[in-house]
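Observations on the model geometry
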Amino acid sequence: MLIIEDSEDDCFLLVRALKQEFDLSNERVDTADTFRAALLTRQWDIVLSDYFMPQFDALAALKILQEQEKDLPFIIVSGKIGELEAVRAMKGGAHDYIMKGDQARLIPAIRRELREAAIRAERRRAEHDLHEQLHFRQALIDSIPNPIFFANPDGVFLGCNRAFENFSGLVQSQIVGKTIFDIVPRSLAERFEESDRELFRHRGTQIYESSISFADGAIHDVIFYKATFNNVDNSLGGLVGTILDITERKQTEEKLRYMSTHDALTGLYNRAYFKEEMERLEQGRQFPVSIVVADVDRLKNVNDTLGHAAGDELIIRAALLLKGAFRAEDVVARIGGDEFAVLLPSADTVAVDEALHRLAARLKSYNESNVEAALSMSLGAATAVKGDRLEETLRLADKRMYHDKSTKSCVTAEGCRGDISFHQP
C-alpha cells in the first residue's frame, strides 16, 4: 500500500488500523517526486491519499498515475474534503473517497477495489504466443484482415502477415527469428510460453479470450485461435495463430449492461436493478433486510427558479451524500426523479439508525460549507424480518418518507435551512 500523507501520526494510525485486517506492507510519501520514485521502485496494489497537503494533493497524484499509465486503485482518505472536491476527484480517476477514521467504510472499500483491480489485471494478461509456419504463400496471408503468425516448437517466429505487423507495431524483419520474449514484457512472455507448451503437449487447438495492448497503445479484447501443425514427415512443425478483435462488441455489451443497471445522471443503481436485488434477497431469505427511502426536498422549486441544470446538480450532490453514508455492500439506487432508495442486507433497525445518523452528520457538514446551496432530504425507513415481503417493506418506508416530508415546517426554498430528518417508528 502506497500512502500519500503529510502527517506521520495520521499515517501511523491508519496503518495500525489496517494491519488488523490486512497483511500490509506500506510506504508513505508526501511530494510529487517521492511519489514518482515510489511508483518506479515497487509494484503497488493500492494507493490511499489525503486530499490537501502543503506540497502535494490527490489530484496531482492522479495526474501522475495517468501519465505513467498505472491502473492502481486510488482511494482518498481525508478529513477535510468537501463534496465538490470529491466530485472533481472522482472525475479525475479516484475510485472512492472516505473520511479519516471511518474504518467501517474504508476496509470494505479497499477489499472491493482490490477485487476489481484483480479482475482488470486478469483481463490485461494476454496468454498469446501466436505462431505459424510458412505453409501458405505470403501474399495469401497478407490478404487476410486478421493478424496471423507462425512459430516453431522452440517459440521462434517464422512469419506473419501485414495485419500482425499493424497489431504489433513491428515489421516482419523485426519479428522473424525472434521469440515472444523479444516482443512483450518478460512476465507476459512467460505466460504465453507456458500456454504454448501445453498446446504442444496435446497437439491440438486452443481458443480463449483475453485483453492485450495493440500498437496503438489501446487495450483490445480479442479471441485467440491457436493450433499445432506437422511437417511433411509428420513431425511437429510448430503452431499457427490468429487474433479476432472483439473490442467493439465487448464495449457495446458492457455499455448495455451498465446502462441496464445504472442511473445515467448519478451513476447509482437504477430502479430495475434495485427491484432485482430485492427479489434476490427475498428469495435468499437473508433477513433482516432494511430499506431507506430518501426524497430531495424543493427540487421542483430549484428547477423552476434556477433551471434544470441546477436541479441535476442538486440530485448529484444528494447521490454522493447517500453513497458516502452507507456501507459498501448496501445498494444505493435512484428510483425516481428526486427519489432514492437504499437496500441494506443483514441490517436491523439499529444499523439503519446508525446509517441515517451518519447521513445526517454528512449533510450537516455539507450545508455548513454550502449555505447558499443547502440540501434538504426527507427520509423513511423500514425493516423486514423473516417472512416479510420486501415490496411491502419498501412501501412502508416510502409512506414514512412522505409522512416525514409532510410534517416539516419548511415548505419554501427561502424559508428552509437545508437539513435532513427521518421517520422510523
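Scroll up a little and you will see the structure.
The sections below set out a description of the structure shown in this document. Residue positions are given per chain, counting from 1 as you read along its sequence in written order. In keeping with the predicted nature of the model, local features appear solely for residues at pLDDT of at least 70, side-chain atom pairs appear and are counted solely at 80 or more, and the whole-chain, interface and lining totals rest on all residues. In computing side-chain properties, one takes all heavy atoms of the structure into account and sets aside hydrogens as well as water.

What makes a salt bridge here is a side-chain nitrogen of Lys or Arg within 4 Å of a carboxyl oxygen of Asp or Glu, nothing more. Counted according to the given criterion, the structure contains 29 salt bridges. A salt bridge links Arg162 to Asp142; the shortest N-O distance between them is 3.6 Å. Here the residue Arg162 occupies a position in helix H7 (residues 162-168), and Asp142 occupies one in helix H6 (residues 138-142), the gap between them amounting to 20 residues. Among the residues examined, Arg162 registers a relative accessible area of 55% and is labelled exposed. Salt-bridge contacts for Glu277 lead to Arg280; the nearest nitrogen and oxygen are separated by 2.9 Å. Pair noted here: Glu277 and Arg280 are both in helix H11 (residues 271-284), with a separation of three residues, about one helical turn. Taken together, the shared-partner salt bridges in this structure form one network comprising Glu193, Glu194, Arg197, Glu198 and Arg201. In this description a helix means any DSSP run of H or I spanning at least four residues, a strand means any run of E spanning at least two, and both kinds are numbered starting from the N terminus. Relative accessible area decides the class of each residue, using a 1.4 Å probe on protein chains only: under 20% of the type maximum gives buried, over 50% gives exposed, and in between gives partly exposed.

Here the focus is the sheet that holds strand E9 (residues 219-230). If you trace the five strands from one edge of the open sheet to the other, you get E7-E6-E10-E9-E8, paired in antiparallel fashion. Of all strands in the sheet, those bounded by a partner on one side alone are strand E7 (157-160) and strand E8 (205-213). Adjacent strand axes in the sheet meet at a mean angle of 25° when their direction is disregarded. When strand E6 (residues 148-151) meets E7, the two strands line up antiparallel, connected through three bridges. The residue bridging Phe150 from the neighbouring strand is Gly159, located in E7. Working rule for contacts: check all heavy atoms of both residues, and any pair within 4.5 Å makes them a contact. Here the axes come from fitting lines to C-alpha atoms, over the contacting stretch only for helices, and the angles between their N-to-C directions go from 0 to 180 degrees. Across the sheet, helix H10 (residues 247-261) touches E8, E9 and strand E10 (236-245), and the angle it forms with E9 is around 135°. Being paired, for any two strands, means DSSP has found at least two bridges between them.

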